[in-house]
Amino acid sequence: MCLWTTVAFFISTPRSNVALDSENHLFDSYMTKVWLCLASMINHRYLPIPAFMRLRKMTTIVETSIQEIIMERRAAVKAGKKSSYGADLLGLMLSECERIGEDKKQPLLTMQQLVDECKTFFFAGHETTAQLLTWALLLLAHDLTWQERARTEILNFCKGKLPDFDSISRMKTVEMIIYETLRLFAPASSIVRSALCDMKIGDLYVKKGMCFWIPIAAIHLDPELWGGSVYEFNPGRFADGISKAAKHPMAFMPFAHGPRNCIGQNFALIEAKAVLAVLLTKFSFTPSPSYRHSPHLMITTRPKYGAPIIVKRVSSSQH
Ligand code: HEM
């Protein structure tokens, strides 16, 4: 939670760990309720059903908390206590609003739009990468060969220092592990698109307005595209790059394709590599006997019964 919230919202308003912890709990139950709402008929969300009432309450808490951060930043600049809104994502959005506001005499984004942008970035940016890292550690705990290969590569490039842009961009094994994790457990398991006009796709006639459910997770596990070893954890299939990993060059789509694909994909990959690099240098991971494998779709793909892993410190003499 910390890295993304720091980049997005909290560089200039640091919050205590306790606050972040409670945000974590809030986040989890908020996601549960959002999913409940989506899973039900959307138009029923205003009915006085307890789950929907809790969802509305949580939405208010999340939105109020973002509004407070926005108002604090604006008040500090207005009072001359701060010279800018901050160097994070929210700060950039606020100063952009200011600039366009002066030109056009109206704010670029209303308060509600600002809050909605923050919610999108916050939820899209945190949960997906958190699930990617969870599954990557679980897979590496079960495959000590790839875990050791990754560790050797990291030690080789980082040479005892923290990962930086240069070392991160050279970590090919770690990258392949991340891709294979995203293939097996795509955090965004499906996406929806609607047709802007009548069209023909292959043998299929599609009417304007028709919705498509694109099952990313199913496409990633299609033996016709990936071959018989589709359920195996084999990062080596990405050795010649993403486009050669499957029979179709666009079969790998954890971040979607096209103009509305994931805006944060490079950030996510760098973040995941940096976190794995730090963890693998310091710790080794083996599976816990209490782990029960049960991938569970709840907007993202989560391990239903958690991800217990046995973590041991790697002694420096081992390397
Ligand atoms: C492993 C990590 C991530 C995965 C698998 C992922 C996946 C996706 C996918 C599949 C979409 C397309 C959704 C759709 O079209 O319905 C998307 C959109 C988006 N993602 Fe990510 N994402 C990840 C990380 C991030 C991060 C770190 C950020 C923030 C920097 C982010 C911000 C966004 C935003 C704002 C959109 C909407 C873009 C638009 O509509 O133009 N994502 N993501």
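Residues numbered from 1 in each chain as written. Predicted model: local features only at pLDDT ≥ 70, side-chain atom pairs only at ≥ 80, totals over all residues. Heavy atoms only, no water.

*Asks:* Any details on the overall build of the protein? Residues and values, ideally.
*Replies:* When helices and strands are counted, the protein shows 11 helices and 8 strands. Across the protein, the fraction of contacts at a sequence separation of at least 24, relative to all contacts at a separation of at least 6, is 65%. Of the roughly 18400 Å² of accessible surface on the protein, a fraction of 60% belongs to carbon and sulfur atoms. (Helix = DSSP H or I, 4+ residues; strand = E, 2+ residues; numbered from the N terminus. Contact = heavy atoms within 4.5 Å. Areas by Shrake-Rupley, 256 points an atom, 1.4 Å probe, with all protein chains shown as cover.)

*Asks:* Tell me about the nonpolar core, and please be specific about residues and values.
*Replies:* Counting residues in each nonpolar core, the largest one holds 41 residues, and the members touching the most others are Ile 178, Trp 226 and Leu 276. Those elements that place two or more of their residues in this core are α5 (111–142), α6 (144–158), α8 (172–184), α10 (223–226) and α11 (265–282). The leading source of residues in this core is α5, at 9 residues. Filtering out sequence-adjacent residues up to four positions away, Leu 276 remains in contact with Leu 133, Ala 136, Leu 137, Ile 154, Val 174 and Ile 178. (Core = buried A, V, L, I, M, F, W, Y, C linked by side-chain atoms within 4.5 Å. Buried < 20%, exposed > 50% of the residue type's maximum accessible area, 1.4 Å probe, protein only.)

*Asks:* Quick rundown of helix α3 (residues 50–78)? Include the residues and the values.
*Replies:* Taking 1.5 Å of rise per residue, the 29 residues of α3 would be expected to cover 42 Å, and the 41 Å separating its terminal C-alpha atoms lies within 8% of that figure. Burial in α3 covers these residues: Ala 51, Phe 52, Leu 55, Met 58, Thr 59, Val 62, Glu 63, Ile 66, Ile 69, Ile 70, Arg 73 and Ala 76. (Expected span 1.5 Å × (residues − 1).)

*Asks:* Describe in detail the pattern of salt bridges, supporting the description with residues and values.
*Replies:* For the structure on display, the rule yields 9 salt bridges. Here Glu 63 makes a salt bridge to Lys 119, at a shortest N to O gap of 2.6 Å. Within this pair, whereas Glu 63 is found in helix α3, its partner Lys 119 is found in helix α5, the two being separated by 56 residues in sequence. Take Glu 63: its relative accessible area is 15%, and that puts it in the buried class. Take Lys 119: its relative accessible area is 14%, and that puts it in the buried class. In this structure, Arg 302 and Glu 127 form a salt bridge, with 2.9 Å as the shortest nitrogen-oxygen distance. Taken together, the residues span a long stretch of sequence, with Arg 302 in strand β7 (residues 300–303) and Glu 127 in helix α5 at a distance of 175 residues. Each of the salt bridges in this network shares a partner with another, and the network as a whole consists of Glu 180, Arg 183 and Arg 237. (Salt bridge = Lys/Arg side-chain N within 4 Å of Asp/Glu carboxyl O.)

*Asks:* Lay out the coordination of the iron atom of the ligand with the relevant residues and their values.
*Replies:* Here the protein supplies the iron atom of the ligand with just one donor, Cys 262 (SG), and that contact is 2.3 Å long. Its location among the elements puts Cys 262 in the loop between α10 and α11. (Donors = N, O, S within 2.8 Å, 3.2 Å for Na, K, Ca; no water.)

*Asks:* Which residues make up the packing of aromatic side chains, and what are the values?
*Replies:* Two numbers describe a pair of aromatic rings. These are the distance of the centres and the angle of the planes. Applying the stated rule across the entire model yields 6 aromatic pairs. On the basis of an interplanar angle of 10 degrees and a centroid distance of 3.9 Å, the ring pair of Trp 135 and Phe 185 is categorised as stacked. Taken together, the residues span a long stretch of sequence, with Trp 135 in helix α5 and Phe 185 in the loop between α8 and β1 (191–194) at a distance of 50 residues. In this structure Trp 135 comes out as buried when scored by relative accessible area, which is 0%. In this structure Phe 185 comes out as buried when scored by relative accessible area, which is 10%. Where Tyr 179 meets Phe 238, the ring centres are 5.5 Å apart and the plane angle is 55 degrees; that geometry is what we call tilted. (Phe/Tyr/Trp six-rings, centres within 6.5 Å; stacked < 30°, edge-to-face > 60°.)

*Asks:* Quick rundown of the packing of α5 against α8? Include the residues and the values.
*Replies:* Look at α5 against α8: their axes get within 9 Å of each other, and the N-to-C directions meet at 105 degrees. Compared by their axis directions, α5 and α8 come out roughly perpendicular. Contacts between α5 and α8 involve Leu 132, Trp 135, Ala 136, Leu 139 and Leu 140 from the first element and Ile 177, Ile 178, Thr 181, Leu 182 and Leu 184 from the second. Residues belonging to the contact of α5 with α8 are distributed by class as follows: 9 nonpolar, 1 polar and no charged. (Axes fitted to C-alpha atoms, helices over the stretch in contact; angles between N-to-C directions. Parallel < 35°, antiparallel > 145°, perpendicular 65-115°, else oblique. Nonpolar A, V, L, I, M, F, W, Y, C, P; charged D, E, K, R; others polar.)

*Asks:* Could you give an account of a nonpolar patch on the surface, naming the residues involved and the relevant values?
*Replies:* On the surface, a nonpolar cluster with roughly 250 Å² of combined accessible area is contributed by Met 199, Ile 201 and Leu 204. Relative to the elements of secondary structure, Ile 201 occurs in strand β2 (residues 199–201). Among the residues examined, Ile 201 registers a relative accessible area of 43% and is labelled partly exposed. (Patch = residues over 30% accessible without salt bridge, like charges linked within 9 Å, V, L, I, M, F, W, Y side chains within 5 Å.)

*Asks:* Quick one: what's the story with the environment of Ala 251, residue by residue and with numbers?
*Replies:* You can see Ala 251 is positioned in the loop between α10 and α11. Looking at Ala 251, the relative accessible area reads 3%, which means it is buried. Along the chain, Ala 251 and Leu 225 lie 26 residues apart, while their C-alpha atoms are 7.1 Å from each other. In this view, Ala 251 contacts Ile 219, His 220, Leu 225, Trp 226 and Ala 246; residues no more than four positions away in its chain are not counted.

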